[in-house]
Amino acid sequence: MSYWRWSLTAVRQATKAAAVLAAVFLFIGVASVEAQKKFSRMYPGSNNVRIQLINRTGTVTVEGWNRSEISITAILEAPVANLEPQNQSGTIVINLVRDNQGRAEVGNVNFLIRVPVSAMVDIETKIGNLSVSNVSGGLVRARISSEGDITLTNIGSSAVSAENVIGDIFFDGVMQENGNYRFSSMRGNINLRIPFNSSFRLVATAPSTRNISMGPFGTGSLNYMGDGRRVVGKFGEGSATLSVTNQQGSITFLRR
Amino acid sequence: MDCISCKDHLSPFMDDDLEQTVAEQVREHLSACDDCALALEEIAAVLAACHESDPADASPPNADAMWLRISNVIDADIAEQERRRLAERTPPKRSWNFTFLQLASGFAAVVVISSLLTIVAIRNYLQPTGDDIYTRTKTEQTTIEKLLGRVGLIDSPEAARERQVREQQAAIDYWDQRVALRRSQWDKRTREAFDRNMQVIEQSLVQYRSNLKENPEDEISAEMLDAVMRDKMNLLRDFSDL
């Protein structure tokens, strides 16, 4: 009998504890949702529209789509940042640094931006990851002032630039004739995945690690210079210009 | 009457101070001697000029002094004539005579040589040594640059690098001060991220400075030092507006 009484008490206590926990989780969830703010806006655009974004902290994802509009969605974490995109004669400009000048604390802003495939993309952030995919406009520029990964996937632009201090850089795309491609990092891994029929002049420098792996592209007329710290030369006709610098990391070429 | 005695009597002849017979001999010699006649004309011209000039400018009425000057003029004139005679007797200097063909060939040779030199100089300037122009680093010099460097018109690579580093360091110091003012307002995450990234940059700076100390000719380290200095400046500048 005492056994059943003890068991009943335990069940009651467990039920109370579960109720309290549920209430706590519910409160935290609601508070979290209330702390965030969502921004969403569409802009009409042409094929050669340009998006220019300067973020403070947070992730930025840009995707190309088969529509002429630009869709901007942002999740703003507390303390919520001021966000005032501007349409400056065909260029959508978002400058969170300028819009929040003088504010001591600003929460992360995580963007998801969809642009026409032929759009030009120029994105920059102080801290956070940048990702661009399915874009073939005249320009793709991704720059992180400090740390964060840069991922450029299915890119067909003729001018591509990616730069960070700490973090990986991944480029997967087609190199255009007479295009200009520049990748630079202080510490991280730079991986370039390009078609075997690419044609480029290369200067790849990895001074600390001397870790430059040309993979299948090692068959080009390439020279190792400075005790293997730099690879210089041509692959194919050498029409595009490719410059890769990784101060304390590796450089790897992959076949697409 | 000879020329010497004639010229001695020219002055009194002009002043009508000679005896009739002597004056007649002078007149006869003048009609036969061009040199003495010319000397007489010059004396007459000098006297006319003296008469036409401002009386205030005229020399003091000292007849001896005036005639001495006139005599000097005549002597100078005679000396000039002697010099001309001697010059006529000396054989003429050799002159360079070329045919049209020779001139044309010479001109063509000058054009070809100068064109070749220009082409070589331009190619050397635009296309430095190496398999590919793209391999050229900032520290490599063309022949023209080396030449200008030797005569002191441009900096040597080492001096240029030092100057560039100084300029970059000045910019870095400026942005460093800006960051120092703002840093206290950053949140913890931003401060940590900044410090982490700056540490990585400093590591590379130390490495390249060390490399260049061991080997000042290390072009890759020099180029990388320049790049990392720029990265440091960019990091400071980017965080100075947070």
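Computed from a predicted model, the values in this text were never measured in an experiment.

A few words on the overall build of chain A. Each helix and strand counted, chain A has two helices and 21 strands in total. Counting all 256 residues of chain A, 50% fall into the buried class. Across chain A, contacts joining residues at least 24 apart in sequence account for 55% of those joining residues at least 6 apart. Working note: accessible area of chain A is about 11,600 Å², and carbon and sulfur atoms make up 52% of it.

What follows concerns the sheet that holds strand β6 (residues 91–95) of chain A. Residue and element names in this part refer to chain A. Pairing in this open sheet of eleven strands is mixed, and the strands run β5-β6-β2-β8-β10-β12-β14-β20-β16-β19-β18 from one edge to the other. A strand with exactly one partner marks an edge of an open sheet, and here the two such strands are β5 (86–88) and β18 (221–225). In this sheet, adjacent strand axes meet at a mean angle of 10 degrees when their direction is disregarded. Of the pairings in the sheet, the one linking β5 to β6 comprises three bridges and is antiparallel in character. Bridge assignment links Q88 to a residue of β6, and that residue is T91.

Residues and elements named next belong to chain A. With four bridges connecting them, strand β3 (residues 60–65) and strand β9 (residues 130–135) associate as parallel partners. Bridge pairing in β9 places E63 opposite S133. Looking at chain direction, β9 and strand β11 (residues 150–155) are connected through five bridges and run parallel. Bridge pairing in β11 links S131 to T151.

So, on to the packing of aromatic side chains. Residues and elements named next belong to chain A. This model, assessed by the stated rule, comprises 13 aromatic pairs over all chains. Consider the rings of F171 and F183, whose centres lie 5.3 Å apart with planes at 45 degrees: the pair is tilted. Pair noted here: F171 is in strand β13 (residues 169–173) and F183 is in strand β14 (residues 180–185), with a separation of twelve residues, a long-range link. Here F171 falls in the buried class, since its relative accessible area comes to 1%. Residue classification places F183 among the buried residues on the basis of a relative accessible area of 1%.

Let us now look at the pattern of salt bridges. The final tally for this structure, using the stated rule, is 27 salt bridges over all chains. One network of salt bridges, in which partners are shared, links R50, D122, E124, R141, R143, E163 and R182 of chain A together with R237 and D238 of chain B.

Counting residues at the interface gives 38 residues for chain A and 36 residues for chain B. For the pair chain A and chain B, the number of links is five salt bridges. The closest approach of N and O atoms between K126 of chain A and D241 of chain B, which form a salt bridge, is 3.6 Å. Applying the counting rule to chain A against chain B returns 15 residue pairs in polar contact (both at pLDDT 80 or more).

Moving on to the nonpolar core. Looking at soluble globular proteins, one finds that nonpolar side chains tend to be buried together. Grouped together as the largest cluster of nonpolar side chains are 58 residues, with contacts concentrated most on F111, L152 and F183 of chain A. Not counting residues within four places of it along the chain, the set of residues in contact with F183 of chain A comprises L152, V160, A162, I169, F171, I190, L192, L242, S243, V244 and T245 of chain A. In this structure, I166 of chain A together with V179, Y208 and L212 of chain B belong to the second largest nonpolar core, which totals 27 residues.

Let us look at unusual backbone geometry. Negative phi is the rule for most residues except glycine; trans is the rule for most peptide bonds. Looking along the chain, the bond that leaves A78 of chain A and enters P79 of chain A is cis, with omega of -10 degrees. Along the chain, the position of P79 of chain A falls in the loop between β4 (70–76) and β5. Here the phi dihedral of D227 of chain A falls at roughly 60 degrees; this positive angle occurs in a residue that is not glycine. Here D227 of chain A is to be found in the loop between β18 and β19 (230–235). For D227 of chain A, a relative accessible area of 65% translates into the label exposed. Although it is not a glycine, D16 of chain B adopts a positive phi angle of roughly 60 degrees. Mapping D16 of chain B onto the fold places it in the loop between α2 (10–14) and α3 (20–32). The class for D16 of chain B is exposed, based on a relative accessible area of 67%.

Analysis parameters
Residues numbered from 1 in each chain as written. Chains lettered and ligands numbered in written order. Predicted model: local features only at pLDDT ≥ 70, side-chain atom pairs only at ≥ 80, totals over all residues. Heavy atoms only, no water. Helix = DSSP H or I, 4+ residues; strand = E, 2+ residues; numbered from the N terminus. Buried < 20%, exposed > 50% of the residue type's maximum accessible area, 1.4 Å probe, protein only. Contact = heavy atoms within 4.5 Å. Areas by Shrake-Rupley, 256 points an atom, 1.4 Å probe, with all protein chains shown as cover. Pairing = 2+ DSSP bridges. Axes fitted to C-alpha atoms, helices over the stretch in contact; angles between N-to-C directions. Phe/Tyr/Trp six-rings, centres within 6.5 Å; stacked < 30°, edge-to-face > 60°. Salt bridge = Lys/Arg side-chain N within 4 Å of Asp/Glu carboxyl O. Polar contact = N/O pair within 3.5 Å; in protein donor to acceptor, adjacent residues only side chain to side chain. Core = buried A, V, L, I, M, F, W, Y, C linked by side-chain atoms within 4.5 Å.

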